[in-house]
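Tertiary structure, described
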Amino acid sequence: MHYVENPPNPWLTHSVEWLGEPPEAKLEVFEETETRGIIAHNDSPDVGFDFTVNCYRGCIHGCTYCFSRPTHEYLGYGAGTDFDRKIVVKVKAPELLRKELMKPSWRGDEIVFSFTSDPYVPLESHYKLTRQCLEICAEFRNPVGVITKSALIRRDIDVLQELTREASLGVFFTIPFTDRESARAVEPFAPLPDARFHAMADLAAAGIKVGIGIAPVIPGLSSDIPVLLKRAKEAGATHAFINMLRLPGSVAPYFEERLREKLPTKAERILNRIREARGGKMNSSMFGERMRGKGQYWEATEHLFRIHCERLGFNKKREHVSGSRSTFRRPSAQGNLFS
Ligand code: SF4
């Protein structure tokens, strides 16, 4: 059973403590009709892309380490089970995206789906908002990147092929573990690693560039980097990246509590390793440090990642996953394309 559990929201003056057992965290879906903009600009120098589109707020996959959890606190919800179960659907996303791509100020930079939610949460099978947005990007020949944990992306192979032909596209599957036990402990409702590798293989077989994101690396829990890269290679991946665990704000206490509950015999060791790799803290919010660790553990991890990437031929410079702006075109009223 998934019980309601949220760290106190720092933006609210009150918090709830349950007397006795908390209620079950039930799925609630809210349709947002007042969304003002859909392309978000990200100015973090260590993220690797500038523009993102998120059609959903919150994420049913419920990864306990998810650094997006505090975004729910701005809505007045909690960063714990509220993030997994109170999902806001931006029903106007495709309409807004078309408007924003038509603006003269839009130059055709790569758009990444998504950053603060998975673009293929189960609700996407009903709403098809990510799909509609990808179709619009294909129509405008706008370069796209996709980051997901979901096999639902297979539904959109046709539009992903069109984006590959007409613009450029790279799809990354984030797969931080090979084993079921670790995945279920910290990614309780996400498709299992095998399902992600199978989806990766199907996309690669359809001619779509795919990669693996070993993200996040959780010191003391992640140990399979060579195996993950080998499996990704076998599934047709050509690119790979790695990120250290980030636990901003309320994520740290939520992650720690869930870790102690799900992996009680390993939790203390994992938490100690995280502190070792973060200079004694649970998190660093500094640009340049946030995505990387410190000390011997992280240096050894990066070294291992680099040598196996080289050995398997990942990340060759001549093969860029994301494209330039050069393909972008606005459709005319007649449906023809012009610059
Ligand atoms: S799938 Fe991604 S966005 Fe969703 S909870 Fe996990 S890390 Fe967060």
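Anything mentioned here points back to the structure above.
In this text the structure is predicted, and so the values were computed from the model without any measurement. (Residues numbered from 1 in each chain as written. Predicted model: local features only at pLDDT ≥ 70, side-chain atom pairs only at ≥ 80, totals over all residues.)

**A closer look at the packing of helix α8 (residues 225–234) against helix α11 (residues 295–312)**
Note the threshold: For helices, the fitted axis covers only the stretch in contact; all axes are lines through C-alpha atoms, and the angles between them, taken along N-to-C directions, range from 0 to 180 degrees. To qualify as a helix, a DSSP run of H or I must reach at least 4 residues; to qualify as a strand, a run of E must reach at least 2; elements of each kind are numbered from the N terminus. Small angles under 35 degrees read as roughly parallel and large ones over 145 as roughly antiparallel, with 65 to 115 read as roughly perpendicular and the rest as oblique. What makes a crossing left-handed is the near helix being turned counterclockwise from the far one by less than a right angle; a clockwise turn instead makes it right-handed. It is the C-beta atoms, placed from the backbone, that decide contacts: two residues are in contact if theirs lie within 7 Å.
Where α8 meets α11, the closest approach of the two axes is 9 Å, and the angle between their N-to-C directions is 25 degrees. When the interaxial angle is binned, α8 and α11 end up roughly parallel. The interaxial crossing formed by α8 with α11 has right-handed handedness. Across from I225, P226, L229, K230 and K233 in α8, the residues of α11 making contact are T301, L304, F305, H308, C309 and L312.

**Things to note about the pairing of strand β7 (residues 144–148)**
This is how the line gets drawn: Neighbour density around each residue's C-beta defines its exposure: 20 or more other C-beta atoms within 10 Å make it buried, 12 or fewer make it exposed, and counts between make it partly exposed, where C-beta atoms are placed from the backbone. Paired strands, as defined in this entry, are two strands with at least two bridges between them according to DSSP.
Counted residue by residue, β7 has 5 buried out of 5 residues, so it is predominantly covered. Inspection of the sheet shows strand β6 (residues 111–113) paired to β7 by 3 bridges, in the parallel sense. Considered in β7, the bridge of V112 is made with G145. The pairing of β7 with strand β8 (residues 169–174) spans 5 bridges and is classified as parallel.

**Topic: the site of the ligand**
Rule in force here: To decide nearness, the C-beta atom of each residue is placed from the backbone, and the residue is near a molecule or strand if that atom lies within 6 Å of it. Under the scheme applied, nonpolar residues are Ala, Val, Leu, Ile, Met, Phe, Trp, Tyr, Cys and Pro; charged residues are Asp, Glu, Lys and Arg; polar residues are all the others, including Gly.
Contacts to the ligand come from C59, H61, G62, C63, C66, S68, S117, D118, K149 and A190. Taken together, the residues that form the shell around the ligand break down as 4 nonpolar, 4 polar and 2 charged.

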